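Structure assessment
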Amino acid sequence: MNFIKVKTYEELSQKGAAMIAALVVNKPKAVLGLATGSSPVGIYKNLAAWNKAGYVDFSEVTSVNLDEYLGLKGDHPQSYRYFMQENLFNHVNIRPEATHVPNGCAEDYAKECEGYDALVESLGGTDLQLLGIGLDGHIGFNEPADHFEKATHVVDLHPSTIEANARFFNSADEVPKQAVTMGMLSIMRAKKILLIANGPAKKEVLEKAFNGPITPMLPASLLQLHPDVTVIYSEQ
Ligand code: GLP
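Given the structure is predicted, the values throughout are model-derived calculations rather than measurements. (Residues numbered from 1 in each chain as written. Predicted model: local features only at pLDDT ≥ 70, side-chain atom pairs only at ≥ 80, totals over all residues. Heavy atoms only, no water.)

Here we look at helix α1 (residues 9-26)
- The end-to-end C-alpha separation of α1 is 26 Å, in line with the 26 Å expected for 18 residues at 1.5 Å each.
- Summarising the contacts, the buried residues of α1 are in contact with β1 (2-6), β2 (31-34), α2 (41-52), β6 (128-131), β9 (193-198) and β10 (229-234). (Helix = DSSP H or I, 4+ residues; strand = E, 2+ residues; numbered from the N terminus. Expected span 1.5 Å × (residues − 1). Contact = heavy atoms within 4.5 Å.)

With respect to the pattern of salt bridges
- This model, assessed by the stated rule, comprises 9 salt bridges.
- Here K27 and D127 are joined by a salt bridge, their closest N and O atoms 2.7 Å apart. Here the residue K27 occupies a position in the loop between α1 and β2, and D127 occupies one in the loop between α4 (109-122) and β6, the gap between them amounting to 100 residues.
- When its relative accessible area of 6% is taken as the criterion, D127 is described as buried.
- Taking the shortest distance from any N to any O, the salt bridge between K29 and E60 comes out at 3.0 Å. On the criterion of sequence distance, the pair formed by K29 in the loop between α1 and β2 and E60 in the loop between α2 and β3 (62-65) is long-range, its members being 31 residues apart.
- The exposure class of K29 is exposed, given its relative accessible area of 57%.
- Judged by relative accessible area, E60 falls into the partly exposed class, the value being 35%.
- Linked through salt bridges whose partners overlap, the residues forming this network are K5, K7 and E235. (Salt bridge = Lys/Arg side-chain N within 4 Å of Asp/Glu carboxyl O. Buried < 20%, exposed > 50% of the residue type's maximum accessible area, 1.4 Å probe, protein only.)

Some details on the nonpolar core
- L32, Y44, L47, L130, I187, L195 and L223 are the most contacted members of the largest nonpolar core, which totals 56 residues.
- Sort the elements by how many residues they give to this core and α1 lands first, with 6 residues.
- Filtering out sequence-adjacent residues up to four positions away, Y44 remains in contact with L34, A35, F83, M84, N87, L88 and L130.
- Core analysis: the next-biggest nonpolar cluster, separate from the first, contains 11 residues, L157, I162, A166 and A179 among them. (Core = buried A, V, L, I, M, F, W, Y, C linked by side-chain atoms within 4.5 Å.)

Regarding the packing of aromatic side chains
- Counted by the stated rule, this structure contains 5 aromatic pairs.
- Aromatic rings pair up to connect Y69, Y80, F141 and F169 into one cluster. (Phe/Tyr/Trp six-rings, centres within 6.5 Å; stacked < 30°, edge-to-face > 60°.)

A closer look at the sheet that holds β2
- Strand order in the open sheet made by the 7 strands is β1-β10-β9-β6-β2-β3-β5, with parallel pairing throughout. With partners counted over all chains shown, the strands left at the sheet margins are β1 and β5 (99-100), one partner each.
- With 2 bridges connecting them, β3 and β5 associate as parallel partners. From the neighbouring strand, S63 faces β5, where its bridge partner is T99.
- Its contacts with the sheet place helix α7 (residues 203-211) against β1, β9 and β10, and it is angled at close to 160 degrees to β10. (Pairing = 2+ DSSP bridges. Axes fitted to C-alpha atoms, helices over the stretch in contact; angles between N-to-C directions.)

Observations regarding the packing of α1 against α2
- Viewed as axis vectors pointing N to C, α1 and α2 meet at an angle of 55 degrees, and their least axial separation amounts to 8 Å. Taken together, α1 and α2 sit at an angle that is classed as oblique. Our pair here, α1 against α2, has a crossing hand that is right-handed. On α2, the residues that touch Y9, L12, S13, Q14, G16, A17, A18, I20 and A21 of α1 are V41, G42, I43, N46, L47 and W50.
- Taken together, the residues that form the contact of α1 with α2 break down as 10 nonpolar, 5 polar and no charged. (Parallel < 35°, antiparallel > 145°, perpendicular 65-115°, else oblique. Left-handed = near helix turned anticlockwise from the far one by under 90°. Nonpolar A, V, L, I, M, F, W, Y, C, P; charged D, E, K, R; others polar.)

Thoughts on the layout of surface pockets
- Of the volumes computed, that of the largest pocket is approximately 620 Å³.
- Along its surface, the largest pocket is lined by 37 residues, and T36, G37, S38, N165 and R167 are the ones closest to its centre.
- Elements that contribute at least two residues to the lining of the largest pocket include exactly β4 (67-69), α3 (80-87) and α5 (159-165).
- Ranked by the residues each element gives to the lining of the largest pocket, the list is headed by α3, at 5 residues.
- The residue inventory of the lining of the largest pocket, partitioned by class, reads 17 nonpolar, 15 polar and 5 charged. (1 Å grid on protein atoms, 1.4 Å probe; cavity = no way out; pocket = protein on both sides within 12 Å on 5 of 7 lines; lining within 4 Å. Points joined across faces, edges and corners; volume = space filled by probe spheres on them.)

With respect to the pairing of strand β8 (residues 178-181)
- Where β4 lies against β8, 3 bridges are found, and the strand directions are antiparallel. Paired with E68 across the two strands is V180, which belongs to β8.
- Pairing between strand β7 (residues 153-156) and β8: 4 bridges, direction antiparallel. Looking at β8, one finds that V155 is bridged to A179.

Purely spatial values, then, with no claim about function.
Here's what the structure looks like:
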């Protein structure tokens, strides 16, 4: 595991964006696994600026996002589809049809989940999976459980996750209680993993995830078994 410690969120965002940009420059048809949350916002800002400046071209890139809240349509301001549009897709030259986010309002979730795994499979997995980490060790929305969930699935969000994400809603009551998330298999199939974490609040969970036992009670700990993981941690 490659652990990069930086001082500021700006540095994290520059280094993270540089890794993604370098990949896309080397492989214009790259498949990017993308994430939401507050941590990737700076990376997306840099990628948008570098795209505008002509340094990196997204015209042949395909993206697959990790997760989506159940019951939120793509035009809901707190949906992850909306987040991706606002923070990245609307600002780079990626083809809209090449951007994939799980559908949080599917009629048939079993079908939606199967279809999402088939999509990732048909793309040959992701070249790079960007990940944040939840305070309880979740990646995507793979929450602590008694086993690792391999496939894309519907998940009940943990109270701590609902509380952590309440800051984006008017109140905790408005946070959806369920989500659909890519499972651990598609995440682990990524050729490269880039996990970003900023601020002292994430220090303890990072320590446990990468130096503690591998356990489904801390889903990110499975990343210890991945051959190419970079963690960028900013102290502030
Ligand atoms: C959400 C997302 C995760 C993300 C986590 C951490 O729960 N589903 O993919 O990693 O939040 O978010 P933040 O970066 O805001 O701490």
